[in-house]
Amino acid sequence: MDLDLSPEMRAFRDEVRTWLRENVPSEPQPHDGPEMRDFDLAWQRTQYDGGWAGINWPVEYGGRGLSLLQQMIWFEEYAWADAPDVGVSFVGVNHAGPTLIARAGDEQKSFHLPRILRGEVVWCQGFSEPGAGSDLASLSTRAEVDGDHLVVNGQKIWTSYAEHADYQELLVRTGRGERKHDGITWTVCDMRTPGITVRPIPTMTGPAHFCEVFYDDVRIPVSNVVGEVGGGWSVAMSTLSFERGTGFLKEQVALVRLVDQLIELARDRVDARGRRRLDDEVIAQRLATARAEAAALTAMALADVSRNARRPQPGVEGSMLRVFFSELGQRVAKLAVDIIEDEGLEARPYGLPDSYSAGWYRTFAYTIAAGSKDIQRNIIGERFLGLPRGR
Ligand SMILES: Cc1cc2nc3c(=O)[nH]c(=O)nc-3n(C[C@H](O)[C@H](O)[C@H](O)COP(=O)(O)OP(=O)(O)OC[C@H]3O[C@@H](n4cnc5c(N)ncnc54)[C@H](O)[C@@H]3O)c2cc1C
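Note that the structure is a prediction, hence the values are computed from the model and not measured.

1. A few points about the site of the ligand
Next, step 1: In the region of the ligand, 16 residues are neighbours, and Ser128, Ser134, Trp158, Ser372 and Asp374 sit closest.
Next, step 2: Contacts to the ligand include tryptophan 158, whose backbone N or O atom sits 3.1 Å from a nitrogen atom.
Next, step 3: At 2.4 Å from an oxygen atom of the ligand is found a side-chain nitrogen or oxygen belonging to aspartate 374.
Next, step 4: Protein coverage of the free-state accessible area of the ligand, which is 970 Å², stands at 63%.
Next, step 5: Ranked by the residues each element gives to the shell around the ligand, the list is headed by helix α11 (residues 373-384), at 3 residues.

2. Here's the deal with unusual backbone geometry
Next, step 1: Phi at tryptophan 158 is positive, roughly 60°, even though this residue is not glycine.
Next, step 2: The exposure class of tryptophan 158 is partly exposed, given its relative accessible area of 47%.
Next, step 3: Here the phi dihedral of aspartate 217 falls at roughly 50°; this positive angle occurs in a residue that is not glycine.
Next, step 4: Position of aspartate 217 relative to the elements: it lies in strand β7 (residues 206-221).

3. Here we look at α11
Next, step 1: Looking at α11, one finds that the buried residues are Gln376, Ile379, Ile380 and Gly381.
Next, step 2: One or two residues past the end of α11 sits glycine 386, with phi positive at roughly 75°.

4. Comments concerning the side chain of threonine 159
Next, step 1: Within the fold, threonine 159 resides in the loop between β3 (149-156) and β4 (167-173).
Next, step 2: Owing to a relative accessible area of 0%, threonine 159 belongs among the buried residues under this scheme.
Next, step 3: If sequence neighbours within four positions are ignored, threonine 159 has contacts with Cys124, Gln125, Gly126, Gln168, His209, Phe210, Cys211 and Val213.

Calculation notes
Residues numbered from 1 in each chain as written. Predicted model: local features only at pLDDT ≥ 70, side-chain atom pairs only at ≥ 80, totals over all residues. Heavy atoms only, no water. Near = heavy atom within 4 Å. Polar contact = N/O pair within 3.5 Å; in protein donor to acceptor, adjacent residues only side chain to side chain. Areas by Shrake-Rupley, 256 points an atom, 1.4 Å probe, with all protein chains shown as cover. Helix = DSSP H or I, 4+ residues; strand = E, 2+ residues; numbered from the N terminus. Buried < 20%, exposed > 50% of the residue type's maximum accessible area, 1.4 Å probe, protein only. Contact = heavy atoms within 4.5 Å.

Take a look at the structure:
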């Protein structure tokens, strides 16, 4: 594998760099309320207007039709330019859109994909339930087919950004009595349909992005189903492969960047005795380890991008990247808090440039979101290494 960029890719990188330098918003990104939705969608729209939304999405649906490597170059430059978090656009851009590209019919693609890229809509993910998280196939939110509609009753939980969402990728049980992976349906749900109640769940990191969503005789046209009624498990696996495999590329690059920033921070900062934090041998060793691990993360991400460029959807190796990234994220965030010493006890709100404590709290979620680290290890063992299945 040649890790050097070709002259063509270097020119592309320069073009990205210039555009980001001129267009990254200078005002701070809101992390809560309707201002957050407005800001995040406006930023998505700016990227679209500049020709930078959906870099590897098909041209006929508003994308650029470029390669995954170019998408990766974009993420790299994006992280270095301190561009805003993808925020409320996360689900639409990173896994609902890619799932539709891979699995939906032409009409569904033509309707939804350009709206996602143009920053007109927010998507959320209705997979987890109180009794179905790691064991997603145990989900019990039911949908009865009534003529040309599904009638949905049940509850979802941990639905990020549901309060702000227009559409949801929703998993419901339409079958009865068969194996639990059968009889599941993946459908698009319009979040403004009567019968939907959204209740935010406050968390220790501050803004409530998590919600409970309740469905009371919610009528969804059968034409919203992606794939077959009852055949949604394999569509859900596509969604999770994008979420685990390519969904966090930008965050991975940002983590590599954070390690470099921490080295600078430790160089500048002195402890109570006037000693530079970098001269503390333990801190220096931890930073050196983090730098090496960040280099390993970059190499793994590039290898993954290279593999994924040759197939329609990411493979199970994404789970390796996901575990390594999420656990490294926790170690690096704890290191940041240790470098700033007792200031780390002050829980600064997320979104401030030096909010290392809030950043550390957030990393606890990394090893749970998109499937817990234990589940990812099961996947690596069983589906990648071919080890016997656990009970
Ligand atoms: C930041 C964040 C955002 C999220 N956003 C969404 C969203 O938008 N939409 C959505 O649907 N869900 C979302 N989730 C939910 C997430 O998918 C679930 O939390 C996750 O799948 C784990 O499920 P659970 O919380 O029910 O934990 P459980 O499944 O109850 O697991 C509890 C513990 O048991 C372990 N465990 C369970 N089964 C096994 C096993 N077979 N082998 C080994 N260990 C096991 C788990 O690793 C975990 O440590 C989000 C979660 C987070 C943290």
